[in-house]
Structures are given as C-alpha cells and as structure tokens.
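Each chain, letter by letter, is given below.
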Number of protein chains: 2
Amino acid sequence: MVKRNALYAQSGGVTAVINASACGVIETARRHRRRIGTVFAGRNGIIGALREELIDTGKESAASISALKRTPSGAFGSCRHKLKPLDSDPREYERLLAVFKAHDIGYFFYNGGGDSQDTANKIAEFTARADYPVTCIGIPKTVDNDLPFTDTCPGFGSVAKYVAVSIREAALDVASMCESSTKVFILEVMGRHAGWIAAAAGLARSVPGGPPHLIVFPEVAFDRAAFLAKVDATVKRAGYCVVVVSEGAQYADGTFLAEAGTRDAFGHAQLGGVAPTVAELVKRELGHKYHWAVADYLQRAARHIASATDVEQAYAVGRAAVEFALAGKNAVMPIIVRKRAKPYRWEIGEVPLAKVANVEKKMPKSFISQDGFGITARARAYLEPLIAGEDYPRYRGGLPEYVTLKRQLVRKRLPDYPI
Amino acid sequence: MVKRNALYAQSGGVTAVINASACGVIETARRHRRRIGTVFAGRNGIIGALREELIDTGKESAASISALKRTPSGAFGSCRHKLKPLDSDPREYERLLAVFKAHDIGYFFYNGGGDSQDTANKIAEFTARADYPVTCIGIPKTVDNDLPFTDTCPGFGSVAKYVAVSIREAALDVASMCESSTKVFILEVMGRHAGWIAAAAGLARSVPGGPPHLIVFPEVAFDRAAFLAKVDATVKRAGYCVVVVSEGAQYADGTFLAEAGTRDAFGHAQLGGVAPTVAELVKRELGHKYHWAVADYLQRAARHIASATDVEQAYAVGRAAVEFALAGKNAVMPIIVRKRAKPYRWEIGEVPLAKVANVEKKMPKSFISQDGFGITARARAYLEPLIAGEDYPRYRGGLPEYVTLKRQLVRKRLPDYPI
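Residues numbered from 1 in each chain as written. Chains lettered and ligands numbered in written order. Predicted model: local features only at pLDDT ≥ 70, side-chain atom pairs only at ≥ 80, totals over all residues. Heavy atoms only, no water.

A. Broad picture of the relation of the copies chain A and chain B. With an axial shift of 0.0 Å and an RMSD of 0.0 Å, the rotation relating chain A to chain B amounts to 180 degrees. Within this description, the copies of the chain are treated as partners about a two-fold rotation axis. Of the interface residues in chain A, 100% have counterparts in chain B that sit at the interface too, so the contact is made through matching surfaces. (Least-squares fit on C-alpha atoms with pLDDT ≥ 70 in both. Contact = heavy atoms within 4.5 Å.)

Written out as structure tokens, the structure is:
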C-alpha cells in the first residue's frame, strides 16, 4: 500500500461541531500512519489550498486534536470561496492539482454543505482525468440542514438545541413579567432558505398552547393579518406571546420581511433584522409592548450547549470519511441513516457526491401546522432526537476552554497564486 | 414564640437565579414551622399583594420548591410596580397593611433591586407606626449589579457568565471566517445605566489583544472617531474585530446611541438596538462587512449556563433573609461580603435597608482601561470569581426541565382593590 498525504478543508459557515469532524478525520488518520502520512489542513479552507497555505496538523499534540471535539467554529479557518466553473475556467482546478502533486496529497476531505460536495466531486473527476487520481470524500456540515439523503447535517442539531433552550428560557422570562411589562417577545433565528432552525424552536413547547406561540417560516408566505390576529389572540388568552421568526421570512412575492421598505434617516436601507421589523409591526398595529432578540452567530457557535447527538455524529462522519478513503471508496459522502425513530438509532451510510451536488433538502410541508405558525407531531418526532444529550466543554475560571491550534504552515514549494 | 405567616414577593426584571432565592426563603421557612406558618407569594409581585392574590406555596411539593433553584425567571411572577409615595398617597401602604392583617402576615421578604429595598423599608416603618409591626427583610436581586454594600447582586454573575461565554464563542466564529467574510461583529448587552454586564464580556479575552477587542460602556462618552479608528486598526492587525456594546452607550450629551436620530421609512423612531446602529456606522465609515446580535432576554434568562457561584449566593441570601427575620432583625438586607479575593471566599453580611435605598453602585473608573474600550486587571479580579462554576439544570429530551408551580391562590378575605 502506498502512503499518501491528506488534505482536509473546512468550507462555508462554521458550526459548533465542525471541529469535531476535523477531530474525527485527524484522529482516524493517525491510527493509519502506514497509509496516511501527514494530514494537511487548508488555512481558511479551499483558499489555503489554492494559496498553498497548508497547516501541518502533525505539529498539533494529541491533546489539542482531541480538544477540537469540544471547540466550536473552524479551527483551521473557513471561507465561502466557490471554485470557478471547471468548463470555462479550469485554472483553480489545475492549481489544486499542482498543490496536491507538490505535497503528495492523495486524499482530499472536504467538510461543507452542498456546494462543497459538488466541488469535491469535480476535483475527483478532474484529478482522475489528469491521471493523478485523488480520493475525494465529502463530509457533511451545515446548520441549514439542507443536504439530501442524510438524516441530518452535523451542526444543525446544536443550533436546534440552542434555539429551543433559549426560547424556553426567554418565554419564562416574558411570562413572569407580562402582567405589567413586555407582552410580545420576538426571537430571530437563522435560516434564509428553510425553516429547519425555526422549527426546532417549536420543541420548546411543553404544554399545548404554550410558548413559542408562533413560528414564522420562510416556507409560508407571511400573512400580516393572520399573524397579527394570532398574536393578539394569544396575548388575550395567555397574557403574552412568544414569536420565533426565521431570518428568511418573506411575503408572498418573495420580498424578505427584513428588507420590506424600511430606511433610516439617512435613506439607507434598514439594517436587517426581521425581529425588529416584526416587533415594530406588532407595536404599530396592536400597541403591545415588545422586546426582541437576534441570536445571529451566537446560535451557531454555541458549543457550550451543543447537542451530544450532534457532536457524536459530527465526529462519526469525519472518522467515516477516512475509513471510506482507506477502503478505496471515492467521490462519496458519509451520511447519517436513521435506523429507528424511538429510541433513536442511527448508523453511517454513504451516498455518491454526484447525487448530493446541487440538491437541496426542503422541509416537508407536513412539518408545518395547518395555520402555518407551528410544527406538527411529525416535525417533533424528527427533531427531538437531534437535540438529545448534553456534551459540555471543559471550563476553567468560569469559561469554556477552547483550544487554539499552532496552525504551523508547511514550506511552500510552488510559486504564489494570487486569489 | 408566636407563629406568623410570611409573604414573599419578586420585584422588577427577573433573572436566571431569582427563583433560587425563593427556594432559599421557602426551604428555610419550612424548617421553622413552629415560627413561620404559611409562606405566601405575591402573584406577579407586589401587584399580587395589593390585589390580595396570594399564592399558597405550602401547596407546592418539596421537589417543586427544590427545582426552583434550577429554574430561571420569576416562578410567582414579577412586576415593575413602584408604590406611590407614602407621604402624599398612603393608600397602597394601607392596603398592604390590611392584606397583612387579613392573612396574619408577620414577615415580608421583598426580592428586588434598589427601589424594592426602599419600599420594604417604608413598609417596615409604616406597619410599625400602625402598631402592626411586620418584619421586612430585603433580598438583593438585579442583573444590573448596582446595589451598594453587597459584593455583587444575585443575577449578575449568571448574565456575566452568559455574556462572556457567548462572546468567546462568537469571536471564534468570526475569526475563522474573517479572511473572506464578516470582519466586524457587534454584540449588544444589557445595562442601561452601568457597564457591569458589558465589562463582564471582557473576561472572554484569553490573550492580550484578543477578542473582545472593544467594549462600549455607558460610563464613557462615545467618541465616534476613536471608536472607528480602533475598529479599523483591529481589523488591519487581527483580520477581524469583535465589539461588545452596552444598550446604555451614549454620546457626551447623554443621547443614547440607539436613539440617535434614525427613523424608518414611516418616520417612526428606529426600533432600538445599539448593535445595528453601531454596525451601520462601521459599514458606512469603514466599509467592513458586519454581523450583529442582540441578546436581550436571552442573557438574563440563561439558566442553562448560570454561574454556580451566583446560584449559591442567590440561595444564600434567601435563606439568610429568613434567618435574619427569625433572629428578630428588621429592615435589613443580607449582602455578599468578599472575605478574600483569590481564592474567592465570601460570607453573608447585612446592611440596614435605610442605607441601601436609593444608592446606586457605579462601576469604578479604575475598572475601565485608559482608552475607554476595555477592562483593567482590577475589573477582571473583581469579576472573575462571580462567573466561577457551572450549575447545570436537569435535562429531559434534550431540554432543561424547568418547574412550573401550581400557584394556587388563597381565598380572598378583603374587598377588591383595583390597580
């Protein structure tokens, strides 16, 4: 068996558990030193691969690599760079090939969403055609939960847990003050194209009719009148109303609520934020006192409240990627397969990258309640196991101890490649 | 010894640990059944006392009362009602006296901030003058950390921990993406009058020059030019910049940043939010891509990441309040006394309510770094022990199990009192 080096790169928005996948890749590779030499990591993802900025993960201690499992965000850096189309402009592919050759890289592990899986697939094809076949394995990752075939995407379960925990807590706050203070609370969560994250907030409901009372999904055209009527009825019934709104919430014509015509005193488009927009609508039309929160990056970085299931799955897909490569597989992605619903049992499966590329998994209509403002029992059954279990980081002085790697770059062997 | 009933009421904004104080009160009272009969709790605070809406905590199981220690927000409800001035309008005091008499209440425990301590003091005086002396003990509570004498205010340590943990996590997110994405991240935290909570974010800095790079305090007049220069220099040096801004941030003339002249397309004053305002400033003047978050209620309800020190202190002041009452003390408030800085040692002390009333503890100037955008070693030494330790709630199905009480009201004996 020939020993080859490996390149691992993180891609796109980072998550609370993408480093757990990195940990799975590196620890597994280290157990197969006769087959895999150095594991390089692209500094800031594929940009680092193109620039030949390769981090030598061999310089990191076993303790540091192990700590990746408990550290949020991208320890090697990530980016949103999408390779230029292979057909019309193959230069980036050629450059990657040169970098692979210069560093004897025979394995490429690309940890990202749909676009990244597409890229990994094209790199597999390109290197094969170039007679320097590189084994390309995709590793799923996205808080958006929109990759097909896999039961869920590592990263999503932890955001889901953060959002459900946070709204449960905030709802208690509002409930205890509503007699004389805030009546309507609005939390904005991520999900520009799909309401997976917003749906997860629905898990916080512990009794019928309890909070969160309304969820505003991107999948359901925003109906002002229906929304306001339900908010008002909820305030009248329960004394308060807790709303979760997806950043992707939109009107029937596709206009995002967040950009619906508000401008500041200087004429600039308003600063985004669906939550303040909806809060203002409630105030103007119903007169209720409101508060709003925008969780933004806090939600996807919240390793302190990560889902143990999510951490375990993130690690497992990293490990499986290396095992697939060593088993001679190519251009595939490990996926999570739900073997049993209750109690939740899952195992690792696989899918060809060609089938993953450019397919977006939508949230089923059957997950949204009839009035469009809640989740169904079906959604709950799907979501619940994904947030199960706590996996706390270690603390020191009251704060989580997250690892910072050395990130030592290897010596360049190629001319510069401006990007 | 005469056996008397007690009334406990929560006041003002709730916290992650105010119920731990309630737990301390009720559990301690239950250990002294020969002296204290029923512990009533005002439904929604003092409003409930005035309306004679008294929750009989005797109907709650020991398990439920114990679970209060792990449940955020106000389990009996709270309010912001301030009693009308005793001198000009004694009717509310007279009503309270009537309620006390009707339910044989001899002890009043008022769990709140500075205003509440003042109220408790006046009730002690009023009932003594009326020849129906009620023992009034204040119990400190406020995320604002602005009560005098006490080392800290229960509720603050947990917000401090939440903010420090959250900004450490979000900073890792920004750092890992900054090469090709967001350069400036802004988190807005509570603190309209003082920068205690904003200062706590500074604890997240683990290396000199690390994030958070700037903290905007209400205590320091906002200097646009200095702020922008430091943000820009930080982006140039570190590649990204993490900013924490207090909701109370203001210009030299006292104008809040959040209300500095921005209006939406309908001419309404902008929706609040210092974070979006500062983000827009950064974008306009420096052109950096930004993200912002507003934690709002999430921060003060975040029992899932409460400080163990804070939980312990909140319980201790509740317990001490009852012990003080049984020891014959009156019109006092238990406080936290810092006995030793490192390792942190504290004990319970006491202070007369008359000395607490209407005194606001400001953050010392020595806590803010010379450039006005950071905290000093002194601030760190003060703050660090307050966030020490984790005290996780129990989980079920991936979510914290927070208790909901029965909140059974006792039968009214008085005519209605509209409020």
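Having put the structure on the table, let's press on.
B. Inspection of the pairing of strand S11 (residues 345-352) of chain B at higher detail. All names here are of chain B. Across eight bridges, the pairing between strand S10 (residues 332-340) and S11 is antiparallel. The residue bridging Arg340 from the neighbouring strand is Arg345, located in S11. Here S10 hands over to S11 after four residues, the two strands then running antiparallel side by side. (Pairing = 2+ DSSP bridges. Helix = DSSP H or I, 4+ residues; strand = E, 2+ residues; numbered from the N terminus.)

C. The arrangement of the interface of chain A and chain B in detail. Counting residues at the interface gives 77 residues for chain A and 77 residues for chain B. When chain A packs against chain B, the two sides together hide about 6,200 Å² of surface, and 61% of this comes from carbon and sulfur. Counting across the chain A and chain B interface gives four salt bridges. Asp173 of chain A is the salt-bridge partner of Arg300 of chain B, the closest N and O atoms lying 2.7 Å from each other. Counting residues per element, the ones that place at least two in the side of chain A that touches chain B are helix H2 (46-51), helix H6 (156-177), strand S6 (184-189), helix H9 (274-286), strand S9 (290-294), helix H10 (297-301) and strand S13 (399-400) of chain A. For the side of chain A that touches chain B, the element with the most residues is H6 of chain A, which contributes 13 residues. Here the residues of the side of chain A that touches chain B sort into 36 nonpolar, 25 polar and 16 charged. (Buried area = accessible area lost by both parts, 1.4 Å probe. Salt bridge = Lys/Arg side-chain N within 4 Å of Asp/Glu carboxyl O. Nonpolar A, V, L, I, M, F, W, Y, C, P; charged D, E, K, R; others polar.)

D. A look at the confidence of the model for chain A. Residue and element names in this part refer to chain A. Averaged over chain A, the pLDDT score is 95; the fraction of residues at 70 or greater is 97%. Scored below 50 in pLDDT, residues 261-271 shows 32 contacts in the model against residues more than four places distant or in partner chains. Interface scoring of the predicted complex returns ipTM 0.97; its pTM is 0.97. (pLDDT = per-residue confidence, 0-100.)

E. Local environment of the side chain of Ser307 of chain B. Residues and elements named next belong to chain B. Within the element layout of this structure, Ser307 appears in the loop between helix H10 (297-301) and helix H11 (308-326). A distance of 3.0 Å separates a polar atom in the side chain of Ser307 from the backbone nitrogen of Asp310. Residues within four places of Ser307 in sequence aside, it is in contact with Gly157, Ser158, Lys161, Leu386, Ile387, Ala388 and Gly389. (Polar contact = N/O pair within 3.5 Å; in protein donor to acceptor, adjacent residues only side chain to side chain.)

F. Molecular detail of the layout of surface pockets. Each pocket or cavity is described by its volume, and for the second largest pocket that value is around 1,100 Å³. Where the lining of the second largest pocket is concerned, the elements lending two or more residues are H6 and helix H8 (224-238) of chain A together with strand S13 (399-400) of chain B. Among the elements that take part in the lining of the second largest pocket, H6 of chain A stands out by supplying six residues, more than any other. By residue class, the composition of the lining of the second largest pocket is 18 nonpolar, 13 polar and eleven charged. (1 Å grid on protein atoms, 1.4 Å probe; cavity = no way out; pocket = protein on both sides within 12 Å on 5 of 7 lines; lining within 4 Å. Points joined across faces, edges and corners; volume = space filled by probe spheres on them.)

G. Layout of the packing of H8 of chain A against H9 of chain A. Residue and element names in this part refer to chain A. Between H8 and H9, the least distance of the axes is 11 Å, while the angle of their chain directions is 75 degrees. The pairing of H8 with H9 is recorded here as roughly perpendicular in orientation. Of H9, the residues touching H8 (which contributes Arg224, Phe227, Leu228, Val231 and Asp232) are Val278, Leu281, Val282, Arg284, Glu285 and Leu286. When grouped by side-chain class, the residues that make up the contact of H8 with H9 number seven nonpolar, no polar and four charged. (Axes fitted to C-alpha atoms, helices over the stretch in contact; angles between N-to-C directions. Parallel < 35°, antiparallel > 145°, perpendicular 65-115°, else oblique.)

H. Inspection of the packing of helix H4 (residues 91-102) of chain B against helix H5 (residues 114-129) of chain B at higher detail. All names here are of chain B. One can describe the packing of H4 onto H5 by two numbers: an axis separation of 10 Å at closest approach and a directional angle of 70 degrees. Our classification of the angle between H4 and H5 gives roughly perpendicular. Between H4, through Tyr93, Glu94, Leu96, Leu97 and Phe100, and H5, the contact on the second element is made entirely by Lys122, Ile123, Phe126 and Thr127. Here the contact of H4 with H5 is composed, by residue class, of six nonpolar, one polar and two charged.

I. Geometry of the pattern of salt bridges. Residues and elements named next belong to chain A. The full count for this structure, using the stated rule, is 42 salt bridges over all chains. Between Lys236 and Asp232 there is a salt bridge, and its shortest N-O distance comes to 2.6 Å. Linking Lys236 with Asp232, this pair stays in helix H8, spanning four residues, or about one helical turn. Three or more residues joined by partner-sharing salt bridges are found here, namely Arg224, Glu280, Arg284 and Glu285.

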